[in-house]
Amino acid sequence: MRLIDTHTHLDFPDFDADRSELLARSRAAGVEKLVVLGVYQANWQRLWELVQREDGLYAAFGLHPVYLEQHRSADLDELRTWLLRLAGHPKLCAVGEFGLDYFLEQLDRQRQQELFEAQLHLATEVELPVLLHVRRAHAATIATLKRLRPPRGGIIHAFAGSYEEAREYLRLGFKLGLGGAPTWPQALRLRKVLAQLPLEAIVLETDAPDMAPAMHPNQRNSPEFLPDICTALAELRGVTPAELAAASSRNAAELFGWPLA
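Here the structure is a predicted model, which is why all the values come from computation and not from measurement. (Residues numbered from 1 in each chain as written. Predicted model: local features only at pLDDT ≥ 70, side-chain atom pairs only at ≥ 80, totals over all residues. Heavy atoms only, no water.)

**Student:** Can you help me understand the overall build of the protein in this one?
**Tutor:** Within the protein, the secondary structure is distributed over 9 helices and 8 strands. A compact globule built from 261 residues should have a C-alpha radius of gyration of about 18 Å, and the protein, at 17 Å, falls within 12% of that. Principal-axis analysis of the C-alpha atoms gives the protein an extent of 45 × 40 × 35 Å. Counting every position in the protein, which comprises 261 residues, the buried fraction comes to 57%. For the protein, long-range pairs separated by at least 24 residues make up 71% of all intrachain contacts whose partners lie at least 6 apart in sequence. Taken as a whole, the protein presents about 11,100 Å² of accessible surface, with 50% of it coming from carbon and sulfur. On the protein, the mean spot of the 28 positive side-chain charges and the mean spot of the 34 negative ones are 4 Å from each other. (Helix = DSSP H or I, 4+ residues; strand = E, 2+ residues; numbered from the N terminus. Rg over C-alpha atoms; globule rule 2.2 N^0.38 Å. Buried < 20%, exposed > 50% of the residue type's maximum accessible area, 1.4 Å probe, protein only. Contact = heavy atoms within 4.5 Å. Areas by Shrake-Rupley, 256 points an atom, 1.4 Å probe, with all protein chains shown as cover. Lys, Arg positive; Asp, Glu negative; His and termini not counted. Charge placed at Lys NZ, Arg CZ, Asp CG, Glu CD.)

Next comes the structure, spelled out in structure tokens:
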């Protein structure tokens, strides 16, 4: 299988001890490209240096809602500066990770919404897709996307919504990121939704180091687990692992504007 991991945080300190070895194992397992997502201003430089050092790694930069209290007003201006400076660079593939998180009740929803909309406007300005974090906020996210319509679409990371919500995202030009969560037997609704999705809707991801799949419980998640995730999701979807891998990689390449292998 030839795979693309559309959502990782390989710049996190969790990988400092063995990042090179992990990448070698991932490549040997067929994971050819990996997207590394920025979440706050302080990790953008470290992330950019990492993707420049390593073949097959691509960067996205954003201001994640979970770190709302860390973000300064100047960070949006700096994000715009980064995106404009790197516009057209082959290692820059998206704006993200950003979005709305209604699961954590202490996060101010109005501030989240303002930051969400500002980054959607930036993505439109620089003509890049968006990589969105959405937790218990699908209605607000869909309403905002319908109003602002980012032209390159994007990915709804770790999609766990309903089939109706999935259809709304697909109409808006988005793909649905699927990883470890539906591999768990207790994820009954998500597994049912997965079985109904068209192959052109799906991109695979790990969210490493988080969201480990059921076959690697209580471990640091890793891109090297993506083949196992693909195999498990293919079975739920009723296709072969090779078919799901090919569809996911094709979907990701089209979204990011990469040549099809």
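Further notes follow.
**Student:** Is there a simple way to think about the pairing of strand β3 (residues 57-61) in this case?
**Tutor:** Along β3, 5 of the 5 residues are buried, which leaves the element largely enclosed by surrounding structure. Along β3, one buried face is formed by L57, A59 and F61 and the opposite face, lined by Y58 and A60, is buried too. The pairing of strand β2 (residues 31-37) with β3 spans 4 bridges and is parallel. Residue pairing for β3: V36 is matched across the bridge by A59. Between β2 and its parallel partner β3, the chain crosses via helix α2 (residues 44-53), and the hand of that crossover is right-handed. Relative to strand β4 (residues 92-101), β3 is paired through 3 bridges, and the arrangement is parallel. Across the sheet, residue F61 finds its bridge partner in β4, namely V95. (Pairing = 2+ DSSP bridges. Right-handed = clockwise from strand over helix to strand, strands pointing away.)

**Student:** Looking at this structure, how should I read the pattern of salt bridges?
**Tutor:** Pairs can form between side chains of opposite charge once their charged atoms are near each other. Counted by the stated rule, this structure contains 15 salt bridges. Between E32 and R2 there is a salt bridge, with its nearest N and O atoms 3.0 Å apart. Residue E32 is found in strand β2, and its partner R2 is found in the segment before β1 (3-8); the two are separated by 30 residues along the sequence. Connected via shared salt-bridge partners are D18, R25, R220 and E224. (Salt bridge = Lys/Arg side-chain N within 4 Å of Asp/Glu carboxyl O.)

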